Structure formats: C-alpha cells, structure tokens
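Read off the chains here:
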Amino acid sequence: MDLDMEDNKRNRKNKVGRKPKKDPAIHRYSISLNDTENVQFLTLFEQSGMKVMAHFITACIFQKPIKTVKIDMDAVDFHTRLTNFYSQFRVVGVNYNQIVKILYRNFSEKKASAYLFKLEKQTAEMAELCRKVIELTQEFEREHLQKHG
C-alpha cells in the first residue's frame, strides 16, 4: 500500500504547472536601435494599441496587419463641449415651456401676449444661433472627423 501512495504522489507532481506548448518559440534575436529609431519604434508600438512588444515586432516582421489608433483630443474636447451645450439647450427648452404656462396662468391674455411677443423675438435669435452651431458642427465633422480610407 505504501508503494501505491508513493506512485500517486509522483504522478501528481508531474501534472502540476503549465501545459507545454506544441510549438514553443525558442529562437531569439536581438536588434539595436539608435535614439531616433527607438523613438519612432516606441511611437509605432503605442499607436498599434498592442500590449505585448514581442507580438508587435512579430507582426511587423511577418507583415501582419497592425491597427493604429489615433485619439484626436481636440475632437474629444469638441464633442464634450457640444454635448454640454446640447444639455443646456434642452434646459432652455424646458424653461421656455414653463414660462409660457406661467404667463397664461398669472397674467391676462393681453399682457401674456405682450410678454410672449418679447419671448418670441429672443427665441428667433436663439434659433438663428442654433442654426449657426449646426453649420459649424457639420463643417467640423466634414473636415476633421470623417474617416479616410
């Protein structure tokens, strides 16, 4: 019985750890880069979005497709500001509806109409401003955000 237990312990020890790869990468190469080449290499590596430098180098050597990701911070900032502006615009719309209800509830129809006339003029100015914002947004998207390719 003691011999069987010894054999079981030995068999279990061999099964611990990683499974061996079928085709392990055992060949290693070394390259040297000057400062300029190194900066260029690191930039390309960062743009690729890959996490492992060895995978990036292998992809370059064997001409596998490498994805590059470029984040345009101006476009991100523009999008953030436009989103904030849109939120403010919605708030104005809600306030507009509340003002109209309050005018008709608290004033005579003649007086409410006079106030609404002033509000209407301001609304027309705001609508024109909104049209300009839309035009600028479309221009920005055409010139800076359209995918090339």
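Residues numbered from 1 in each chain as written. Predicted model: local features only at pLDDT ≥ 70, side-chain atom pairs only at ≥ 80, totals over all residues. Heavy atoms only, no water.

The next subject is the confidence of the model for the protein. Where the model shows low pLDDT, its predicted coordinates should not be examined in detail. Residues at a pLDDT of 70 or more form 83% of the protein, whose mean pLDDT is 80. The secondary structure element of the protein with the lowest average pLDDT is helix 1 (residues 2-14), at 58, and the one with the highest is helix 2 (residues 35-48), at 86. (pLDDT = per-residue confidence, 0-100. Helix = DSSP H or I, 4+ residues; strand = E, 2+ residues; numbered from the N terminus.)

Turning to the layout of surface pockets, a few remarks are in order. Considered as a void within the structure, the largest pocket measures approximately 600 Å³ in volume. Together, 15 residues line the largest pocket, and His27, Tyr29, Ala54, Ile57 and Thr58 are the ones closest to its centre. Counted by class, the lining of the largest pocket contains nine nonpolar, four polar and two charged residues. Each pocket or cavity is described by its volume, and for the second largest pocket that value is around 160 Å³. In this structure, the second largest pocket is lined by Leu82, Phe85, Tyr86, Phe89, Cys130, Val133, Ile134 and Thr137. If you list the elements that add at least two residues to the lining of the second largest pocket, you get helix 4 (73-106) and helix 5 (109-145). Residues of the lining of the second largest pocket, tallied by class, amount to seven nonpolar, one polar and no charged. (1 Å grid on protein atoms, 1.4 Å probe; cavity = no way out; pocket = protein on both sides within 12 Å on 5 of 7 lines; lining within 4 Å. Points joined across faces, edges and corners; volume = space filled by probe spheres on them. Nonpolar A, V, L, I, M, F, W, Y, C, P; charged D, E, K, R; others polar.)

Bringing the packing of helix 2 against helix 3 (residues 53-61) into the picture now. A pair of packed helices can be characterised by two numbers: the angle between their axes and the separation between those axes. Running from amino to carboxyl end, helix 2 crosses helix 3 at an angle of 100 degrees, the nearest separation of the two axes being 11 Å. The angle between helix 2 and helix 3 places the two elements in the roughly perpendicular class. Contacts from Phe41, Leu42, Leu44, Phe45 and Ser48 of helix 2 reach helix 3 at Met53, Phe56 and Ile57. Per-class residue counts for the contact of helix 2 with helix 3 are seven nonpolar, one polar and no charged. (Axes fitted to C-alpha atoms, helices over the stretch in contact; angles between N-to-C directions. Parallel < 35°, antiparallel > 145°, perpendicular 65-115°, else oblique. Contact = heavy atoms within 4.5 Å.)

Taken as a whole, this structure holds four aromatic pairs when the rule is applied. Grouped by ring-pair contacts, the aromatic residues Phe41, Phe45 and Phe56 constitute a single cluster. (Phe/Tyr/Trp six-rings, centres within 6.5 Å; stacked < 30°, edge-to-face > 60°.)

What follows covers the pattern of salt bridges. For the structure on display, the rule yields two salt bridges. The partner of Arg81 in a salt bridge is Asp77, with the nearest N and O atoms 3.1 Å apart. Of this pair, Arg81 and Asp77 are both found in helix 4, four residues apart, which corresponds to roughly one turn of the helix. With a relative accessible area of 58%, Arg81 lands in the exposed category. (Salt bridge = Lys/Arg side-chain N within 4 Å of Asp/Glu carboxyl O. Buried < 20%, exposed > 50% of the residue type's maximum accessible area, 1.4 Å probe, protein only.)

To continue, consider the environment of Met53. Considering the arrangement of structural elements, one finds Met53 in helix 3. A relative accessible area of 36% means that Met53 is categorised as partly exposed. Between the C-alpha atoms of Met53 and Leu42, which are 11 residues apart in sequence, the distance is 9.3 Å. Not counting chain neighbours up to four residues away, the residues in contact with Met53 comprise Phe41, Leu42 and Phe45.

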